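Reading the structure
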Amino acid sequence: DVRGRQDRAVGQQFHARIGETLENLFAGRLEEGCHLLAYHFGHSGDTARAIRYLEVAGRKAQAEFANETALAHYARLLELLGEHDETWTHRADILARRQHILGQLSRQEPRLADLLELRALAEAHGDEARRADALNGLADLYLWTSRYAEAEAAAREALGIKTALSDPAGRAEALHQLGVLDYYRGNYDQARPLLEQAVALRRETGNAEGEIWSLMYLYMIHLMQGRYDQAAELNRHARQAADARQDWFQRGIHLTNAARISLRLGEYGVALEQFQESQEGKSRVGDRMGLGFSLYGVGLASTYLDRYDEAETAFQASLALRRQINDERGIGYCLHGLGLAALGRGHCAAAEDLFQQAYEVRAR
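Each value, and the rule that gives it
- Residues numbered from 1 in each chain as written.
- Predicted model: local features only at pLDDT ≥ 70, side-chain atom pairs only at ≥ 80, totals over all residues.
- Heavy atoms only, no water.
- Salt bridge = Lys/Arg side-chain N within 4 Å of Asp/Glu carboxyl O.
- Helix = DSSP H or I, 4+ residues; strand = E, 2+ residues; numbered from the N terminus.
- Buried < 20%, exposed > 50% of the residue type's maximum accessible area, 1.4 Å probe, protein only.
- Contact = heavy atoms within 4.5 Å.
- Phe/Tyr/Trp six-rings, centres within 6.5 Å; stacked < 30°, edge-to-face > 60°.
- pLDDT = per-residue confidence, 0-100.
- Core = buried A, V, L, I, M, F, W, Y, C linked by side-chain atoms within 4.5 Å.
- Axes fitted to C-alpha atoms, helices over the stretch in contact; angles between N-to-C directions.
- Parallel < 35°, antiparallel > 145°, perpendicular 65-115°, else oblique.
- Left-handed = near helix turned anticlockwise from the far one by under 90°.
- Nonpolar A, V, L, I, M, F, W, Y, C, P; charged D, E, K, R; others polar.
- Polar contact = N/O pair within 3.5 Å; in protein donor to acceptor, adjacent residues only side chain to side chain.

In this section: the pattern of salt bridges. For the structure on display, the rule yields 30 salt bridges. For the salt bridge of Glu55 with Arg97, the shortest nitrogen-to-oxygen distance reads 2.6 Å. Separated by 42 residues along the polypeptide, Glu55 in helix H3 (residues 47-63) and Arg97 in helix H5 (residues 88-104) bring together distant segments of the chain. Given the relative accessible area of 13%, Glu55 is considered buried. As a salt-bridge pair, Arg98 and Asp114 come within 2.7 Å of each other at their nearest N and O atoms. In this pair, Arg98 sits in helix H5 while Asp114 sits in helix H6 (residues 108-124), placing the two residues 16 residues apart along the sequence. What you see here is one network of salt bridges that share partners, running through Glu55, Arg59 and Arg97.

Shown next, in the form of structure tokens:
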């Protein structure tokens, strides 16, 4: 046992020396070597330095869509911070960032756990702003899992808190969630003013990324109501803004929606190319929800081009992915798509069965 402690002490000293050498080597550009610094100080017993560099490394990996690396750094950070009163705000910040990544990866169960912990921390320390942030996150999660009543309750509670706190950014997020909820319910006339308020507040607070998210649902309302020129113009603006920020996650979504516009206009070949391009981008950033939708779009465009083998392959791939991430709404879409492909082949009984399955999923 004594020998073991001595060996650990020698190992820690070794890692500490390497870490200090790397600090000198990367002086003035520590972000470049942050992952190495985090590793060596993490094994040196120098908890303060390990936390510092893990923080930098986690943010860097998240910005670069190196999602698994970011998640590993954040898990280690939470471990080092522990559950102490003096570290709770830092812990809450990491949970907020980690749940965002988990949302992009459609890992809703661990995301829910992080959001519930974040809300509990805020409640325990009387931090209403963070509690409302957690509620906004829960509203988003409930939307994506088709739990609309819970989404509305969470967003309305968040809106009340953020209004009382005179927090325009938090109000914008809650208004956005309520607008998206009405969009998914098909209440477009109710959704529009909520989303327009969110756009204005996000523009006012300099949240360009959030502004484009709200704008996206406004152009989707135009699309659903047959105003294709307006939808296409807003979509072009959104894509240009995403390109300017090099936001590959949003760019893939806007490209998918451009393909949806092409599909509505009967430009099936163009739509197919756009869906395929968005599929590549979504694979790059780990957007599994978005990838499922791109595959579904490939299936639709292929169906309208009478390329039924390709259509069924794409629909089945999308269906498998949607089942992995428990996306009930997406499962219904894919079953409907397979029904369209079967109908195109003249397999009427199979098509009827698939349409019935799709109806049952959507009616749950």
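The phi dihedral of Phe65 is positive, around 60°, even though this residue is not glycine. One can find Phe65 in the loop between H3 and helix H4 (67-81). Residue Phe65 is classed as buried on the basis of its relative accessible area, which comes to 17%. At Ser166, a residue that is not glycine, the phi angle is positive and equals roughly 55°. Mapping Ser166 onto the fold places it in the loop between helix H8 (148-164) and helix H9 (168-184).

Inspection of the secondary structure puts Asp327 in the loop between helix H16 (308-324) and helix H17 (328-344). By relative accessible area, which is 2% here, Asp327 ends up buried. Once you skip the residues sitting within four places of it in the chain, Asp327 turns out to touch Trp144, Met289 and Arg322.

This part is about the packing of aromatic side chains. Per the counting criterion, the structure on display carries 11 aromatic pairs. Note on Tyr183 and Tyr184: the rings are 5.2 Å apart at their centroids and 65° apart in plane angle, and the pair reads as edge-to-face. Among the residues examined, Tyr183 registers a relative accessible area of 7% and is labelled buried. We classify Tyr184 as partly exposed; its relative accessible area is 23%. With 5.8 Å between their ring centres and 65° between their planes, Phe293 and Tyr296 make a pair best called edge-to-face. Within this pair, Phe293 and its partner Tyr296 are both found in helix H15 (residues 288-304), separated by 3 residues, close to a single helical turn.

In this section: the environment of Leu105. Checked against the element boundaries, Leu105 lands in the loop between H5 and H6. Overall, Leu105 belongs to the buried group, its relative accessible area being 5%. As for Leu105 and Ala311, which are separated by 206 residues in sequence, their C-alpha atoms are 25 Å apart.

Close inspection of predicted coordinates is inappropriate in any region flagged by low pLDDT. Scored by pLDDT, the protein has a mean of 91; 96% of the residues are at 70 or more. When mean pLDDT is taken per element in the protein, H8 scores highest with 98 and helix H1 (residues 2-25) scores lowest with 66.

Ranked by size, the top nonpolar core spans 46 residues in total, and within it Leu135, Leu138, Leu175, Tyr183, Leu195, Tyr217 and Ile221 carry the most contacts. Of all the elements in the fold, those that place two or more residues in this core are helix H7 (128-144), H8, H9, helix H10 (188-204), helix H11 (208-224), helix H12 (228-245) and helix H13 (248-264). Looking at this core element by element, the count peaks at 9 residues for H11. Setting aside chain neighbours within four positions, we find Leu138 in contact with Leu112, Leu115, Leu116, Arg119 and Ala154. Core analysis: the second largest hydrophobic core is formed by 26 residues, Leu37, Leu71, Leu78 and Ala92 among them.

Moving on: the packing of H17 against helix H18 (residues 348-362). It is at 8 Å that the axes of H17 and H18 come closest, and there the two elements cross at 165°. With respect to H18, the element H17 is oriented roughly antiparallel. Relative to H18, H17 is oriented so that their crossing is left-handed. Facing Glu328, Arg329, Ile331, Gly332, Tyr333, Leu335, His336, Leu338, Gly339, Leu340, Ala342 and Leu343 of H17, the residues of H18 in contact are Cys348, Ala350, Ala351, Leu354, Phe355, Gln357, Ala358, Val361 and Arg362. Among the residues forming the contact of H17 with H18, the class breakdown is 14 nonpolar, 4 polar and 3 charged.

The next subject is the side chain of Glu55. Among the polar contacts made by the side chain of Glu55, one reaches the side chain of His90 at a distance of 2.7 Å. There is a polar contact of 2.6 Å between the side chain of Glu55 and the side chain of Arg97. Other than its neighbours up to four places away in sequence, Glu55 contacts Leu77, His90, Ile94 and Arg97.

Below, the discussion takes up the packing of H3 against H4. Direction vectors running N to C along H3 and H4 enclose 155°, while the axes themselves pass 8 Å from each other. Compared by their axis directions, H3 and H4 come out roughly antiparallel. Judged by the twist between their axes, the crossing of H3 over H4 is left-handed. Along the contact surface, H3 presents Thr47, Ala50, Ile51, Leu54, Glu55, Ala57, Gly58, Arg59, Ala61 and Gln62, while H4 presents Thr69, Ala70, His73, Tyr74, Arg76, Leu77, Leu80 and Leu81. Tallied by class, the residues present in the contact of H3 with H4 amount to 10 nonpolar, 5 polar and 3 charged.

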